[in-house]
Amino acid sequence: MLAIRMRTRRRKAVAFATAAVLTALAAPALAATPATATTAEPAVATVTAGSTTDYDSTYYKNAVGKTGPALKSSLHTIISSQTKLSYSAVWDALKATDQDPNNSNNVILLYSGVSRAKSLNGGNVGNWNREHVWAKSHGDFGTSTGPGTDIHHLRPTDVQVNSIRGNKDFDNGGSAVANGGGSLTDSDSFEPRNAVKGDVARMILYMAVRYEGGDGWADLEPNNNVNNGSAPYMGRLSVLKAWNEQDPPDAFEKRRNQVIHDSYQRNRNPFIDHPEWVESIW
């Protein structure tokens, strides 16, 4: 009996040591994994740690080191220098910015994550169309050249999913959206799939910095409400900030930002380059 108990203790000790080794080995991989709804802590560390880019000493040189209103004001000045597109030109721009990295004939649809033929752009069922992530009725800018054609917040989406989103503010919760890739909705809000929650947040906050009311357009601002209607506000800010931390910029989002800068608008979304600036401003 004594021998049996000793063997049992030895097996437990070996098992405990093995588990400890496996835990130590797994830890670095977890920290490097892009955040999802179940891995929020590593994402927070990634965002709040700060970052540097090739543009810090050039494009962002007047913003680096600032915080709060001074940072927002500086970024507004920087990104307001842009080439503006017509609404019809947006079709071809999105075919480049949102191209499927695995199939150059397709684009990736924002909310559903589906890869769809570039040629299927239009307004019919089965087509993709131009989604204004900052709903164009929030500030009543429509599709006019300016905020209505700014491709930093225009994305390809399935026609029916786009219709379901409508002009709802962003928030957590709701029922599953048909063909929405995991997106949820209720009567007054829309929650995109996990893989693009941060993308949505950074697009909304880009718009809030770019359009400050000084160039003939409404002063767009995030707030912590839903049901903002035609007021120039989009919510819910607390949720958008959490999404920015949970879903850091990935390769697709970074490439998109670069294509817009190099080939179309000649400006950048600063929150893709520096997601930690969200917390610095808001």
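Now for a description of the structure that goes with this document. This is a predicted model, so every value here is computed, not measured.

**Quick word on the overall build of the protein chain**
Then, in step 1: Counting its regular elements, the protein chain contains 10 helices and 11 strands.
Then, in step 2: Expressed as a percentage of the 282 residues in the protein chain, the buried residues total 48%.
Then, in step 3: Nonlocal contacts in the protein chain, meaning residues at least 24 apart in sequence, comprise 64% of its contacts between residues at least 6 apart.
Then, in step 4: Of the roughly 12,800 Å² of accessible surface on the protein chain, 54% is carried by carbon and sulfur atoms.

**Observations regarding the pairing of strand 4 (residues 128–132)**
Then, in step 1: Taken across its 5 residues, strand 4 has 5 buried, putting it largely inside the fold.
Then, in step 2: The sheet contact formed by strand 4 and strand 5 (residues 154–158) spans 5 bridges and is antiparallel. Residue glutamate 131 lies in a different strand from strand 5, and its bridge partner there is arginine 155.

**Remarks on the packing of helix 3 (residues 68–79) against helix 6 (residues 197–210)**
Then, in step 1: As a packed pair, helix 3 and helix 6 sit with axes 8 Å apart at the nearest point and diverge in direction by 90 degrees. Taken together, the axes of helix 3 and helix 6 lie roughly perpendicular to each other. Each of Lys72, Leu75, His76 and Ile79 in helix 3 lies in contact with helix 6, whose residues at this interface are Tyr206, Ala208, Val209 and Arg210.
Then, in step 2: Across the contact of helix 3 with helix 6, the residue classes break down as 5 nonpolar, 1 polar and 2 charged.

**Let's talk about the environment of glutamate 253**
Then, in step 1: Secondary-structure assignment places glutamate 253 in helix 8 (residues 251–264).
Then, in step 2: For the pair formed by glutamate 253 and aspartate 98, sequence separation is 155 residues and the distance between their alpha carbons is 8.8 Å.

**With respect to the packing of aromatic side chains**
Then, in step 1: The final tally for this structure, using the stated rule, is 7 aromatic pairs.
Then, in step 2: When the centroid spacing of 5.0 Å and the interplanar angle of 80 degrees are considered together, the rings of tyrosine 59 and tyrosine 60 count as edge-to-face.
Then, in step 3: We classify tyrosine 60 as buried; its relative accessible area is 0%.
Then, in step 4: Members of the aromatic cluster, connected to one another through ring pairs, are Tyr55, Tyr59, Tyr60 and Trp277.
Then, in step 5: The cationic tip of arginine 130 hangs over the ring face of tyrosine 87; the distance from NZ or CZ to the ring centre is 3.7 Å.
Then, in step 6: Over the aromatic face of tyrosine 55 sits the side chain of arginine 268, whose NZ or CZ is 3.9 Å from the ring centroid.

**Notes on the nonpolar core**
Then, in step 1: Counting 38 residues, the largest nonpolar core has Leu75, Tyr111, Val133, Phe170, Val200 and Ile204 as its most contacted members.
Then, in step 2: For this core, the secondary-structure elements that each account for two or more residues are helix 3, helix 6, helix 7 (237–246) and helix 10 (277–281).
Then, in step 3: Here the element with the most residues in this core is helix 6; it accounts for 8 residues.
Then, in step 4: Membership of the second largest hydrophobic core comes to 12 residues, among which are Trp91, Leu109, Trp128 and Ile151.

**Regarding the side chain of threonine 97**
Then, in step 1: Locating threonine 97 in the fold gives a position in helix 4 (residues 89–97).
Then, in step 2: Relative accessible area serves as the criterion here: at 0%, threonine 97 is assigned to the buried category.
Then, in step 3: Separated by 2.6 Å, the side chains of threonine 97 and aspartate 98 make a polar contact.
Then, in step 4: Not counting chain neighbours up to four residues away, the residues in contact with threonine 97 comprise Ile151, Phe252, Arg255, Arg256, Val259, Ile260 and Tyr264.

**Things to note about the packing of helix 6 against helix 7**
Then, in step 1: Two elements in contact, helix 6 and helix 7, have axes whose closest approach is 7 Å; the angle formed by their N-to-C orientations is 125 degrees. Comparing their axes, helix 7 and helix 6 come out oblique. Judged by the twist between their axes, the crossing of helix 6 over helix 7 is left-handed. Contact residues: Lys197, Gly198, Val200, Ala201, Arg202, Ile204 and Leu205 in helix 6; Leu237, Leu240, Trp243 and Asn244 in helix 7.

**Some details on helix 6**
Each turn of an α-helix holds 3.6 residues, which means side chains three or four residues apart point in the same direction.
Then, in step 1: If you check helix 6, its first and last C-alpha atoms are 20 Å apart, about what 14 residues at 1.5 Å a residue would give, namely 20 Å.
Then, in step 2: Extensive coverage of helix 6 is indicated by the burial of 14 of its 14 residues.

Each value, and the rule that gives it
Residues numbered from 1 in each chain as written. Predicted model: local features only at pLDDT ≥ 70, side-chain atom pairs only at ≥ 80, totals over all residues. Heavy atoms only, no water. Helix = DSSP H or I, 4+ residues; strand = E, 2+ residues; numbered from the N terminus. Buried < 20%, exposed > 50% of the residue type's maximum accessible area, 1.4 Å probe, protein only. Contact = heavy atoms within 4.5 Å. Areas by Shrake-Rupley, 256 points an atom, 1.4 Å probe, with all protein chains shown as cover. Pairing = 2+ DSSP bridges. Axes fitted to C-alpha atoms, helices over the stretch in contact; angles between N-to-C directions. Parallel < 35°, antiparallel > 145°, perpendicular 65-115°, else oblique. Nonpolar A, V, L, I, M, F, W, Y, C, P; charged D, E, K, R; others polar. Phe/Tyr/Trp six-rings, centres within 6.5 Å; stacked < 30°, edge-to-face > 60°. Lys NZ or Arg CZ within 6 Å of the ring centre and 35° of its normal. Core = buried A, V, L, I, M, F, W, Y, C linked by side-chain atoms within 4.5 Å. Polar contact = N/O pair within 3.5 Å; in protein donor to acceptor, adjacent residues only side chain to side chain. Left-handed = near helix turned anticlockwise from the far one by under 90°. Expected span 1.5 Å × (residues − 1).

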